Amino acid sequence: MTSALAIAAATPVASLAQSMDELAAAAEAEGTLSTIALPHSWCGYGDVIAGFKAKYPNITVNELNPDAGSADELEAVRANKDNTGPQAPDVLDVGFAFGPQAKEEGLTQPHKVATWDTIPDDAKDADGHWYGDYYGVLSFVVNTDLVENVPQDWEDLLKPEYANSVALAGDPRASNQAILAVMAAGLARGGEAGQGSGEAGLEFFKELNEAGNFVPVIGKAGTIAQGATPIVIAWDYNGLAWRDTLAGNPPLEVVVPASGVVAGVYVQAISAYAPQPNAAKLWMEYLYSDEGQLGWLKGYCHPIRFNDLAQSGKIPQELLDALPPAEAYEAAVFPTLDQQGGNKDAVTGGWDSVVGANVQ
């Protein structure tokens, strides 16, 4: 099927439609798609999955471990290399730095979607092993019932008024979201993107922990609502989705910090050992179609084809209006793969010895 699609990319629309029909038929014959690490509140994934099911009702979506981190996803592929059962993921959605790692380890297989040319070159593997899907920026998600003065920048979090209040949205030894949060804190302290930001960020979290402000609990909508983690450092789209879910009970404010604004691109990939490879390819085709990309935008994420969709007038104004103000994103830094890799090594290797907080 891959070769058929590759040929179709250079042929008329009728041929493309036919090859897509063939792919859909092969996927429906497999009958199942196993995803992993896709919480429904993340990036609008609940509606995206529902859209895929509506379009392909003969394919059952088997959702594995929705709260897994990027490192957990790669481990799931490794652990199920010889397993064609329901615990083996077909597809991955991981942080940018984990895409090349997965390819290098031989954990992915290539597939170029029909809209391949509209994905920016710096956000995809030239051979089609992984490709950017969406991005957002790290923000402070604040329960304003419990926090009177909403923090506006990283150094604010060290203030005594935020005792037992600040949490990460993942384990910084495994979660891309948390690893990049440490990077953002490090950049705000003047660390250079890469190893420098990782080391400076670790020092920040060491101080935060020693001050008694850091809570070693993985923050999410429930922990914010319960008051266990009144301030959570998370992707803007997660915070906005939690705000909608909680619907004012309690009220949440999502703040993009004044400095250390890090934009994170996530990437899609197909497992090299996918038990349902055709369903995996069909899922990718859906995600990178206009419908799939706008589904992520409804979940407050900037889809990777955002510029292409905007230029062709395909983005409804109400979706643009629902996003935070554009100026909040102007200071955003998009770290390169090398910078993310250096930061990741520093953070995952040094968290236990420098910060010493067991986040779980």
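J.: Just to check I follow, could you spell out the pattern of salt bridges for this structure?
T.: For side chains bearing opposite charge, pairing can occur when the charged atoms are close. On inspection of all chains with the given rule, the structure shows 16 salt bridges. Between D156 and K159 there is a salt bridge whose closest N-O contact spans 3.5 Å. Among the residues examined, D156 registers a relative accessible area of 18% and is labelled buried. The class of K159 is partly exposed, set by a relative accessible area of 38%. Linked through salt bridges whose partners overlap, the residues forming this network are D290, R305, D308 and K314.

J.: What is the right way to look at the nonpolar core in this model?
T.: Generally speaking, a soluble globular protein has its nonpolar side chains buried in company with each other. Of all hydrophobic cores here, the largest spans 98 residues; its most connected members are Y45, F205, W283 and W351. Residues contacting W351, with those up to four places away along its chain left out, are L168, P172, R173, V182, L202, F205, F214, A346, G356, A357 and V359. Residues V232, A234, W242 and L252 belong to the second largest nonpolar core, which totals eleven residues.

J.: Could you clarify how one ought to interpret helix α11 (residues 290-298) in this entry?
T.: Residues separated by three or four positions in an α-helix point in the same direction, a consequence of the helix having 3.6 residues per turn. Buried residues of α11: G292, Q293, L294, G295, W296 and L297, and no others. A positive phi of about 75 degrees marks Y300, the residue just after α11.

J.: Sorry if this is basic, but what is going on with the side chain of D93 here?
T.: Relative to the elements of secondary structure, D93 occurs in strand β3 (residues 91-95). Of the side chains with opposite charge, K344 lies nearest to the buried D93, which makes no salt bridge, at 14 Å. Here the side chain of D93 touches Y134 through a polar contact of 2.7 Å, side chain to side chain. In this structure the side chain of D93 is engaged in a polar contact, spanning 3.4 Å, whose partner is the side chain of Q268. Among all residues touching D93, those that are not within four sequence positions of it are L38, Y45, E73, D133, Y134, Y266, V267 and Q268.

J.: What should I look at first to understand unusual backbone geometry in this one?
T.: With omega at 0 degrees, the peptide bond leading from N249 into P250 counts as cis. You can see P250 is positioned in the loop between α9 (236-246) and β8 (252-255). A positive phi is found at Y300, a non-glycine position, where the angle reads about 75 degrees. With respect to the secondary-structure elements, Y300 resides in the loop between α11 and β10 (302-303).

J.: Quick question: what am I supposed to make of the packing of helix α3 (residues 45-55) against α11 here?
T.: What describes two packed helices is the angle between their axes and the distance between those same axes. Following both chains from N to C, one finds α3 and α11 inclined at 155 degrees, their axes separated by 8 Å at the closest point. As the angle between them shows, α3 and α11 are arranged roughly antiparallel. In this structure, α3 meets α11 at a crossing whose hand is right-handed. Across the interface between the two elements, Y45, V48, G51 and K55 from α3 touch E291, G292, G295 and W296 from α11. A breakdown of the residues in the contact of α3 with α11 according to their chemical character gives three nonpolar, three polar and two charged.

J.: Before we go on, may I ask you to explain the state of the cysteines in this structure?
T.: Covalently bonding the sulfur atom of one cysteine to the sulfur atom of another cysteine gives a disulfide. Across all of its chains, the model carries one disulfide by this definition. Sulfur-sulfur distance for the disulfide between C43 and C301 comes to 1.9 Å. Remark: C301 occurs in the loop between α11 and β10 and C43 occurs in the loop between β1 (32-36) and α3; sequence separation between them is 258 residues. C43 sits in the buried class, given a relative accessible area of 0%.

J.: Which parts of the structure should I look at to understand helix α14 (residues 337-354)?
T.: End to end, α14 covers 24 Å across 18 residues, agreeing with the expected 26 Å (1.5 Å per residue, within 8%). Along α14, the largest kink reaches about 30 degrees and is centred on T348. Along α14, the residues that are buried comprise Q340, N343, K344, A346, V347, G350 and W351. Those residues of α14 that are buried lie in contact with α5 (98-104), β6 (166-168), α6 (176-188) and α7 (195-210). Where α14 terminates, the next one or two residues include G356, which has phi positive at roughly 70 degrees.

J.: Looking at this model, I keep getting lost on the environment of N149. Mind explaining?
T.: Mapping N149 onto the fold places it in the loop between β5 (131-143) and β6. Distance from N149 to Y162, taken between C-alpha atoms, is 9.4 Å for residues 13 residues apart in sequence. In contact with N149, other than residues within four places in its own chain, are E161 and Y162. Separated by 3.1 Å, the side chains of N149 and E161 make a polar contact.

J.: So what exactly am I meant to see when it comes to the packing of aromatic side chains here?
T.: By convention here, two paired aromatic rings are described through the distance between centres and the angle between planes. Taken as a whole and judged by the stated rule, the model has 23 aromatic pairs. Where F214 meets W351, the ring centres are 5.9 Å apart and the plane angle is 65 degrees; that geometry is what we call edge-to-face. Taken together, the positions of F214 in the loop between α7 and α8 (221-226) and W351 in helix α14 put the pair 137 residues apart, joining distant regions of the chain. For W351, a relative accessible area of 0% corresponds to the buried category. An aromatic cluster is built from W42, Y45, W116, Y131, Y134, W235, Y237, Y266, Y288 and W296, whose rings are joined through pairwise contacts.

J.: Would you mind going over the confidence of the model for the chain with me for this structure?
T.: Low-pLDDT portions of the prediction should not be read for the details of their coordinates. On average, residues of the chain score 92 in pLDDT, and 95% of them reach the 70 mark or higher. Long-range and interchain partners of residues 1-15, a stretch whose pLDDT sits below 50, account for 17 contacts in this model, where long-range means more than four residues apart.

Conventions adopted
- Residues numbered from 1 in each chain as written.
- Predicted model: local features only at pLDDT ≥ 70, side-chain atom pairs only at ≥ 80, totals over all residues.
- Heavy atoms only, no water.
- Salt bridge = Lys/Arg side-chain N within 4 Å of Asp/Glu carboxyl O.
- Buried < 20%, exposed > 50% of the residue type's maximum accessible area, 1.4 Å probe, protein only.
- Core = buried A, V, L, I, M, F, W, Y, C linked by side-chain atoms within 4.5 Å.
- Contact = heavy atoms within 4.5 Å.
- Helix = DSSP H or I, 4+ residues; strand = E, 2+ residues; numbered from the N terminus.
- Lys, Arg positive; Asp, Glu negative; His and termini not counted.
- Polar contact = N/O pair within 3.5 Å; in protein donor to acceptor, adjacent residues only side chain to side chain.
- Axes fitted to C-alpha atoms, helices over the stretch in contact; angles between N-to-C directions.
- Parallel < 35°, antiparallel > 145°, perpendicular 65-115°, else oblique.
- Left-handed = near helix turned anticlockwise from the far one by under 90°.
- Nonpolar A, V, L, I, M, F, W, Y, C, P; charged D, E, K, R; others polar.
- Disulfide = S-S within 2.5 Å.
- Expected span 1.5 Å × (residues − 1).
- Bend = angle between axes of the 7 residues up to and from the residue.
- Phe/Tyr/Trp six-rings, centres within 6.5 Å; stacked < 30°, edge-to-face > 60°.
- pLDDT = per-residue confidence, 0-100.

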